[in-house]
Structures are given as structure tokens and as C-alpha cells.
Amino acid sequence: MFACFSKYFLRLYFVAIAALFAVLMAVGIWRHYSDVPFWDMWDGYLGFYTRAGQGWGAWWEQHNEHRLILSRLIFWVDLHCWHGSMVLPYILNGFFPLLIAGNFVFVFQRLHGSAGQSSLVPIAVAAVMVVLATSWVQHENFTWIFESQVFLAYLLPLLAFTLLAHAQAAGRRRSVWLAWLAGLASAGAMANGILALPLLTLQAWALRLRKRYICILLLTSVLIWCFYFYDYHMLGQNLAQKGLVRIIEHSEVMWIPYAGPLHAVRWLSFVRYLLLFLGGPWYFVLQKIALWPVMAAGVLWLILALITAWRVLRPPVQPYPVALLMLIVYIGAAALGVAHGRVVFGVEQALSSRYLTPQFMAWTALLLLGVYLWPRATASRLALGGYAAIVLLLLPAQLQGIDVAFGQSASLRIPALAIQLGIRDFERIRQISYDGERTFALVQQARRERLAVFGEPDMQLALRYWSGASFAVQISPMRCDGYVDAVESIPDVSDAVRICGWLYDPHGRQVPSLVLLSGGARGRGVALGGLWRPDVGQAEHARQASVAGFCGYLQGSALAAGTPVMLTGWVKQRPVCTLTLDPRQWRK
């Protein structure tokens, strides 16, 4: 009876924690939502959309070493149909991990039929697969829409290998062509996607498929490689074009990735980077205690990969284990490429959040092969305890997804406001764009067509007011609570200053999202609210006042006049309260 209760409890535990991880991933994505382009998105998202309207070449152009055709399709649909709201990419970033987990579950179901394990093992292993696929330690791939390419670059090859295995196992000819399409699409995800078709060819040969299928896959592989590398530029040239050479020049290693042969790499750093990449998930499972256990895990992964390859390829060869083996080879090859091209940024960069998706998939593939090859060991009490412990140790990182800092998304809108107003406040703009001056050229169409953050009502109202438009609105008689904490000059900008403070409507108990400043006829200013100010929340005895901070820009003539400046707080496009302050009392 106790054993039955224990099994029931463990089943409930694994089902509940898998569901919890998936829900927390969705909540974390929702809480981190922002329609402000970030880093590569200025060129690869908004800039691409502008160039796509000028010719088809924008779809094929390189971004670093990649040709991001599939991600660009997502971006184009989002910009063309929803004006860059970025809702679609965020939804897909949460959907792709679930597809990865679903694919692994499908393969596991096919493998488990002959494994002969108790009913508890499939639930435990399936829970681990869902947990690894949705783990928040890969949060950059969830919260940065530009990283949809990472999911696609590994989801599509996994799908291709699975479909080809299914074609052999179920005798479905149509699955061969679906696998071919998935392998073809992989080349449009990231540069490592071009490995999918050659590995599909190798898989077809290992499974003894018909020669015509093998020949078609081989021929397509050659054509894709020739087409992909036609007019291809090495990564160093692309980094120079994007202004990243300045970053690398200040690093210890003075060379550009892929600009020279492999012997230019410090071999010790290369090996350490590779091992950290392969063992990366254990850095978070072991609560970041040290790097050496992670490298040891990388060595263990390599050993297990070689052992499983030897076992899987022994006759009689089974379709689904071969599919998992091809995924392992694919990820291993990708790891070599990443280590070669990114070791220049330091070995710890191998533990970057955006690289953890393939690492989790690599360990998931090994887990499934282990369950298939060693069913007794992987169904033991020790193994079940290990499954339960691993998912529990990853839970603290998962909770960080919903613990987003208040005002974090609002702070990204301040440099976007500077871009909207045409103020070259590069100190702030560099928080979201590494090429400040070029950013203004990239956003011309976005500002004109009101795309992404530039189409928000507050941003539009701010631009109209800053440009001198008048508003036939009634000034609210309600008085705001607030203060201006800082007025800062902007390097190389003489006609505007940066202004920060806080504003709160105590009557409506609400925080203005937009603050318009007026120095009479002498000058105007605009600021965006929602910034984190816990001290204001304590002083006002209101939780919502903890995000009453604002920051923006004021025309210099308003300060030069020395007259009182009126601050008007706006909520949902209407003024809710006003406050008049003497500029001479502001701290500078």
C-alpha cells in the first residue's frame, strides 16, 4: 500500500512540476514583454523591414554568419500585419519550446514500447523533458524576439530526423518528403542549419532507405551549401560593418572570429569553452558552485555520446535511436562552431542564456537514449530520485521569470523616446542599440509608419507636443505629488537636457505613463513614467506609487527662462493632475 501511495505521489509530483514550469515560462514571457527593439533588432528587425520593401535581397543578406530567412518571415508578418507589436514573436518564443518537448515525447513513446519499464518512468522522463525545454535559464531565447532563430535552428533538425525515422518505422513515404522540407528549412534558421541535410543523408544511409532518397538528400545538401555560401562574407567583415570591432579590440584576444584559421585560437581556451558549452545545464542544476564540475559534465557528455553512438549503430539499427544520435551529432558540430567563433569573448560566454537551448536538447537526447539502452538503470530508485532532484534544483531559476524588476520594461522606453524626439542622447541610446548614430537612420520608416514602440499613443503624443503642437484639452484641477530629482546635460546636445523625477496622482491613486512639461512660451518637455521608485511608494503609502518615476527631456530654453515649469501627468491619453515647480529648486 505504501509503495502504491509513493508511486501516486511521484506521478503527481512530476506532472505538477512539468505543468508549473510551462506556466511559469508563459508568465515570465508575458511579464518581460516589451515592444522596444533591442541590440540587433534595430538592424535585423526594423532595418530589414525597410530593406525588404526595396528588394528581395534583404531576405537573403547575412546577419553575422547567418541567413535568418525564417526569423525574418516572422518579423515581416509582425511588422506588416500588427505594426511591430511583437506579440506574435513572443507567443512563438513560448510555443517553440513546447514543440521541442512534444517532439521528444513522441520519440520517447516510440522507444518506450520495447523498454519494459514501470509506468512511473515515462511520466518522470516526460516531465524532465518538459522542464528542460521550458527552463528559464535560457531566458534570453524567451524574452528577446530576435532569438527565435535559436529555437528554429534546433527544432527543425530534430523534426527532420524524427520524420525520417518515422518514415522508416511506419513505412510512410510522405514522412521522407516532410523530413526533406524540414531539413531544407533548417538552412534558413541559422548557419548551423546547413548541417541538417547532410546529416539527414547520413541517417538515410544508416537506415538503409532507398537509394533514390539518399541521392535526393545528398544532391539537395550540395545545392544548399553552394547556394548558401555564394557571395558569403566571413564573420569578421560583418562584425566590422556592425560596429562590434570596437568591442573586440578592447578584449584580451586581438583577432576576429573566423577571420583566421583555427590555430589562431588558444587551444586551452577552446577546449574549456567547448566543455562548458556541452556541460552548461549542470552549472545551473548545481547552483553555479564552480566551473570545473561543468567542464567535467562536458567530458561526461562526450563519453556518453560516443558510447551511445557505438551501441545505436550496432545491427540491427533502429530508426528512432538513430534520429536521436543524429541530433547529438548535429549539436556537437554546432558546439564546435560556437566554440571556434565565440571563444574570443571569453570562456564563460559559453554559459550565456541563449546557448542553453541546444545544451538542454543535447542532454535530453542522451537521456532518451539512456532510457532505451539501459532500461533497468534508468528506472531504478536512484534514477527516479535523480529526475525528481534535477527538476527541483532548476525551480529557483524558473521563479526568476516572474520576479522581473519593476519598471524594467519602462526603462527601455526612455532611450526609445530620445530616438523618437531626435535627441542624440547616446549615453541612453547605447542601452538598447550598439550603433547609436546609425540607429536614427534605421528608424526613419518605423517612425513614419508608427511601427513598434514608435506607434504607441504616448510616444505619438510626446512627439506632437515636443514638435510644438497645441492641445485643446482642459487642464486637470487635481494636484500631483512629485519632484524633479535631476537635470543633466547631454554631451554634444545644446538645446535639450535630460530630466528625471517622480509624479503621482494621489486622488486617482494612479501613476502617469506620460508627463508633459511646460515652461510657458519658453520651452517644452516630455517624459515617460513607470520607472521603479520604491521610496515614493513608501512615502505615499501606496504600492502603485513604487513605479512613479519618470525620465525624459526638456528644451533648454525652459530652464534659461527661470520661470515655473508645469508638469502634467497623463493616463490613457488624458490629463489627470498637474504640478508646478520652480526650476531653481531642482537638484542638478
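Values in this document were obtained by computation on a predicted structure and should not be read as measured data. All residue numbers here refer to positions counted from 1 along the written sequence of the relevant chain. Given that this is a predicted model, residues contribute local features only at a pLDDT of at least 70 and side-chain atom pairs are listed and counted only at 80 or more, while totals for whole chains, interfaces and linings are drawn from all residues. Side-chain figures throughout are based on the complete set of non-hydrogen atoms in the structure, without hydrogens or water.

Secondary structure is summarised from DSSP: a helix means a run of H or I of at least four residues, a strand means a run of E of at least two, and numbering begins at the N terminus for each. A tally of regular secondary structure across the chain gives 27 helices and 7 strands. Any pair of residues with heavy atoms lying within 4.5 Å of one another is described as a contacting pair. Long-range pairs, those at least 24 residues apart, make up 73% of the contacts in the chain with a sequence separation of at least 6.

To continue, consider the pairing of strand β5 (residues 549-555). Counting buried positions along β5 gives 7 out of 7 residues, so the element sits mostly inside the fold. Sheet topology places strand β2 (residues 493-504) next to β5; 7 bridges connect them, and they run antiparallel. Looking at the pairing, C500 lines up with C551 of β5. For two strands to be treated as a pair, DSSP must find no fewer than two bridges joining them. Here 6 bridges tie strand β4 (residues 524-531) to β5, and the two strands are oriented antiparallel to one another. Bridging across to β5, A527 finds its partner in G552. For every residue, the accessible area obtained with a 1.4 Å probe (protein chains only) is divided by the maximum for its type, and the residue is called buried under 20%, exposed over 50%, and partly exposed between those limits.

To continue, consider the sheet that holds strand β6 (residues 565-571). Pairing is antiparallel across the open sheet formed by 7 strands, whose spatial order is β1-β2-β5-β4-β3-β6-β7. Both outer strands of the open sheet, β1 (481-490) and β7 (574-581), are each paired with one neighbouring strand and no more. Within this sheet the neighbouring strands show an average axis-to-axis angle of 25°, counted without direction. Sheet topology places strand β3 (residues 514-518) next to β6; 5 bridges connect them, and they run antiparallel. The residue of β6 that forms the bridge with L516 is T568. Contacts between helix α25 (residues 457-466) and the sheet are confined to β2, β3, β4, β5 and β6, with β4 contributing the most and set at about 160° to the helix. Between the N-to-C directions of two axes lies an angle of 0 to 180 degrees, each axis being a line fitted to C-alpha atoms and, for a helix, fitted only over the stretch in contact.

Quick look at the state of the cysteines now. We call a pair of cysteine sulfur atoms a disulfide when they lie within 2.5 Å. In total, this model carries 2 disulfides according to the counting rule given. By sequence order of its bonded cysteines, the chain has the disulfide arrangement 1-4, 2-3.

Attention shifts here to the confidence of the model for the chain. Detailed reading of the predicted coordinates is not advisable wherever pLDDT is low. In predicted models, pLDDT denotes the confidence assigned by the predictor to each residue on a 0 to 100 scale. Summing up the model confidence of the chain, the mean pLDDT is 84 and the portion of residues at 70 or higher is 88%. When pLDDT is averaged over each element of the chain, helix α10 (residues 196-206) comes out on top at 94 and helix α13 (residues 245-249) at the bottom at 38. pLDDT under 50 marks residues 236-262. Its contacts with residues more than four places away, or in other chains, come to 48 contacts.

Attention now moves to unusual backbone geometry. Of the consecutive residues P315 and P316, the connecting peptide bond is found in the cis state with omega at -5°. Residue position: P316 is located in the loop between α15 (292-312) and α16 (319-342). Not every positive phi belongs to a glycine, and W39 is a case in point at roughly 50°. With respect to the helices and strands, the residue W39 is situated in the loop between α1 (2-31) and α2 (41-52). At Q287, a position not held by glycine, the phi torsion is positive, near 60°.

Direction vectors running N to C along helix α8 (residues 148-170) and α10 enclose 20°, while the axes themselves pass 10 Å from each other. By the criterion of interaxial angle, the relationship of α8 to α10 is roughly parallel. Pair α8 / α10 crosses with right-handed handedness. Along its contact with α8, which presents P157, A160, F161, L164 and A165, the element α10 presents A196, L199, L200, Q203 and A204. Roughly parallel means an angle under 35 degrees; roughly antiparallel means over 145; roughly perpendicular covers 65 to 115; every other angle is labelled oblique. For any helix crossing, the convention is left-handed if the near helix is rotated counterclockwise from the far helix by under a right angle, and right-handed if that rotation is clockwise.

Moving on: the pattern of salt bridges. Here, a salt bridge means any side-chain nitrogen of Lys or Arg that lies within 4 Å of a carboxyl oxygen of Asp or Glu. A full pass over the atoms with the stated rule returns 12 salt bridges. Residues E140 and R354 are paired through a salt bridge, measuring 3.4 Å at the closest nitrogen-oxygen approach. Of the two residues, E140 is situated in helix α7 (residues 139-143) and R354 in the loop between α16 and α17 (356-373); the sequence distance between them amounts to 214 residues. What makes E140 partly exposed here is its relative accessible area of 24%. With a relative accessible area of 23%, R354 lands in the partly exposed category. The residue E437 makes a salt bridge to R424 at a minimum N-O spacing of 3.1 Å. One end of the pair, E437, is in helix α23 (residues 436-442); the other, R424, is in the loop between α21 (408-421) and α22 (426-429), and 13 residues separate them in sequence. Residue classification places E437 among the partly exposed positions, given a relative accessible area of 44%. The class for R424 is partly exposed, based on a relative accessible area of 34%. One continuous salt-bridge network, built from bridges that share partners, spans D43, R51, E61 and R438.

What follows is about the packing of aromatic side chains. Two rings from Phe, Tyr or Trp (for Trp, the six-membered ring) form a pair when their centres are within 6.5 Å of each other. A pair whose planes differ by under 30 degrees is stacked, one over 60 is edge-to-face, and the rest are tilted. One pass over the structure, following the stated rule, counts 28 aromatic pairs. Note on W177 and Y213: the rings are 5.9 Å apart at their centroids and 85° apart in plane angle, and the pair reads as edge-to-face. Of this pair, W177 sits in helix α9 (residues 173-186) while Y213 is found in helix α11 (residues 211-228), placing the two residues 36 residues apart along the sequence. According to the relative accessible area criterion, W177 is partly exposed, its value standing at 37%. The exposure class of Y213 is buried, given its relative accessible area of 6%. Aromatic ring contacts, followed pair by pair, group F38, W39, Y45, F75, W144, F146 and Y434 into a single cluster. Distance and angle both matter: a charge sits over a ring if NZ of Lys or CZ of Arg is within 6 Å of the ring centre and within 35 degrees of the ring normal. Over the ring of W310 we find R314; its NZ or CZ atom is 4.7 Å from the centre of that ring. The ring of Y355 carries the charged tip of R354 above its face, separated from the ring centre by 5.1 Å.

Its place among the elements puts L99 in helix α5 (residues 87-112). Residue classification places L99 among the partly exposed positions, given a relative accessible area of 35%.

Further remarks concern the pairing of β1. Here β1 runs beside β2; their pairing, made up of 9 bridges, is antiparallel. For Y483, the partnering residue across the bridge sits in β2 and is W502.

Burial of α25 is extensive: 7 of the 10 residues sit out of reach of the surface. Listed as buried for α25 are D458, M459, Q460, L461, A462, Y465 and W466. Just beyond α25, the residue with positive phi is G468, at close to 105°.

Attention now moves to α16. Working note: α-helix, 3.6 residues per turn, so residues spaced by three or four point in the same direction. In this scheme, a helix's expected span is set at 1.5 Å multiplied by one less than its residue total. With 24 residues, α16 extends 34 Å from end C-alpha to end C-alpha; this agrees with the ideal 34 Å at 1.5 Å per step. Burial within α16 is extensive, with 20 of its 24 residues counted as buried.

Among the secondary structure elements, G102 is positioned in helix α5. Taking relative accessible area as the criterion, G102 reaches 39% and is therefore assigned partly exposed. Distance in space between the C-alpha atoms of G102 and A126 is 9.1 Å, their sequence separation being 24 residues.

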